[in-house]
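# Structural overview
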Amino acid sequence: MGWSRIVNYIKSLWGKPDFPLDLALGIVSLAAGIVIACLWTAEPPRMVETGPQVPTHAAEPIGKEQPAVVPAAPVVPVPPKAAIVEPPLWQRNAVATAGKPHEPMIAIVLDDMGPNRKGTERALNLPAPITFSFLPYAPDVAAFVKTARERGHEIIVHVPMEPVGSADPGPHALRVSQTPDEIRGNLDWDLGRFDGYVGINNHMGSRFTANFDDMSVVTEELKKRGLMLLDSRTSAGTQAANAARKSGLPTLSRDVFLDDDEEGAAVAAELSHLEKIAREHGVAIAIGHPKPETLSLLEKWIPEARAKGFTLVPLTAILRHREGT
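Treat the numbers as computed from the prediction; the structure is a model and nothing was measured. (Residues numbered from 1 in each chain as written. Predicted model: local features only at pLDDT ≥ 70, side-chain atom pairs only at ≥ 80, totals over all residues. Heavy atoms only, no water.)

### Some remarks on helix α11 (residues 315-323)
Think of an α-helix as 3.6 residues a turn; residues three or four steps apart then line up on the same face. Listing the buried residues of α11 in full gives Leu315, Thr316, Ala317, Ile318 and Leu319. Looking at the residues trailing α11, positive phi occurs at Gly324, about 75°. (Buried < 20%, exposed > 50% of the residue type's maximum accessible area, 1.4 Å probe, protein only. Helix = DSSP H or I, 4+ residues; strand = E, 2+ residues; numbered from the N terminus.)

As structure tokens, this is what we get:
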């Protein structure tokens, strides 16, 4: 109730004979305390200043020229970087030649490297960039290959393949009786014995190379690995080059066998034949072996051939010439 009502109520009771005086005083004191407490704690009303309301985005005055809206520059996507395409393995392992070789060019390939240790060591000293074809099962073959590469010679793998007849081509040979997976498995073993090579040629193989389907398994695998093929042409019916062309595999074929007959006169005659082919066609490829008579004649013939104007090159130089690269 209000303060005035409390006072009037107390006055009405004051004159009654049974009204206790001390109770009246207590009521008055209590009421006064309550009023004082309420006045003390009451928060005075806050004065809120008001001013002109400023809009967040003031409107442009009417009639003022609006600024031109400049469109954002279009986002031009950045094209991805072109993938770096590595050259095939035969190019990465090829022996470099100083400038473009001059015609006529001759490549000498020596097969059966490795098992004949004495002949192999002698061949490594020939004074020209020879292409050595190492048999994969030869002892210490990786060490021989390393030395040959350090001396500037080119390397191919002499992969054993089945011949016509009973001659043994050696372990892990490719045979016509094998399934495609078996052929790939043996080829993988042959190619895994050392590295640094540019391709392969066939060791024996008169039966195997005459089978187009089996050779296609080989050429497709070589293509995947970035290698090349030299067809030794141990058979008139060879299908190696045909299978290589179908697979898109770089391939070459030998022109001359130097030492079917190991007699010195026969080797010298083949070298003369080799020179004739090179002059007529600009390039020629010969295959020989690290036999004593062959090596003796090559040691003598190499400086003579250079004096006649022939350029002795690694096998891949002729491949580049054929491909126009």
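So, next bit.
### Let's talk about the side chain of Asn201
Its location among the elements puts Asn201 in strand β4 (residues 199-204). Of note is the side chain of Asn201, whose polar atom sits 3.1 Å from the side chain of Ser232. Residues contacting Asn201, with those up to four places away along its chain left out, are Asp111, Ser133, Ile156, Val157, His158, Val159, Leu230, Ser232 and Ile287. (Polar contact = N/O pair within 3.5 Å; in protein donor to acceptor, adjacent residues only side chain to side chain. Contact = heavy atoms within 4.5 Å.)

### Quick notes on the pairing of strand β2 (residues 131-134)
Neither face of β2 is left uncovered, since the one carrying Thr131 and Ser133 and the one carrying Phe132 and Phe134 both have all their residues buried. Note: strand β1 (residues 105-113) against β2, three bridges, orientation parallel. Residue pairing across strands places Val109 opposite Thr131, the latter belonging to β2. Between β1 and its parallel partner β2, the chain crosses via helix α4 (residues 117-123), and the hand of that crossover is right-handed. With helix α5 (residues 141-150) bridging β2 and the parallel strand β3 (residues 154-161), this β-α-β connection has right-handed handedness. (Pairing = 2+ DSSP bridges. Right-handed = clockwise from strand over helix to strand, strands pointing away.)

### Some details on the environment of Gly192
With respect to the element layout, Gly192 can be found in the loop between α6 (180-191) and β4. Residue Gly192 is classed as exposed on the basis of its relative accessible area, which comes to 60%. For the pair Gly192 and Val157, spaced 35 residues apart in sequence, the C-alpha to C-alpha distance is 10.0 Å.

### A short note on a negative patch on the surface
A cluster of acidic residues, Asp260, Asp261, Glu263 and Glu293, forms a negative patch on the protein surface. Structurally, Glu263 is set in the loop between β7 (256-257) and α9 (264-281). (Patch = residues over 30% accessible without salt bridge, like charges linked within 9 Å, V, L, I, M, F, W, Y side chains within 5 Å. Areas by Shrake-Rupley, 256 points an atom, 1.4 Å probe, with all protein chains shown as cover. Salt bridge = Lys/Arg side-chain N within 4 Å of Asp/Glu carboxyl O. Lys, Arg positive; Asp, Glu negative; His and termini not counted. Charge placed at Lys NZ, Arg CZ, Asp CG, Glu CD.)

### Remarks on the nonpolar core
Counting residues in each nonpolar core, the largest one holds 55 residues, and the members touching the most others are Leu110, Phe132, Phe134 and Trp301. Per-element accounting of this core gives the leading share, six residues, to helix α10 (residues 292-307). Sequence-distant contacts of Trp301, that is, excluding residues within four places in its chain, are made with Ile106, Ile108, Leu271, Leu274, Glu275 and Leu312. One finds Ile156, Ile285, Leu315 and Leu319 within the second-largest nonpolar core, a separate group that totals 18 residues. (Core = buried A, V, L, I, M, F, W, Y, C linked by side-chain atoms within 4.5 Å.)

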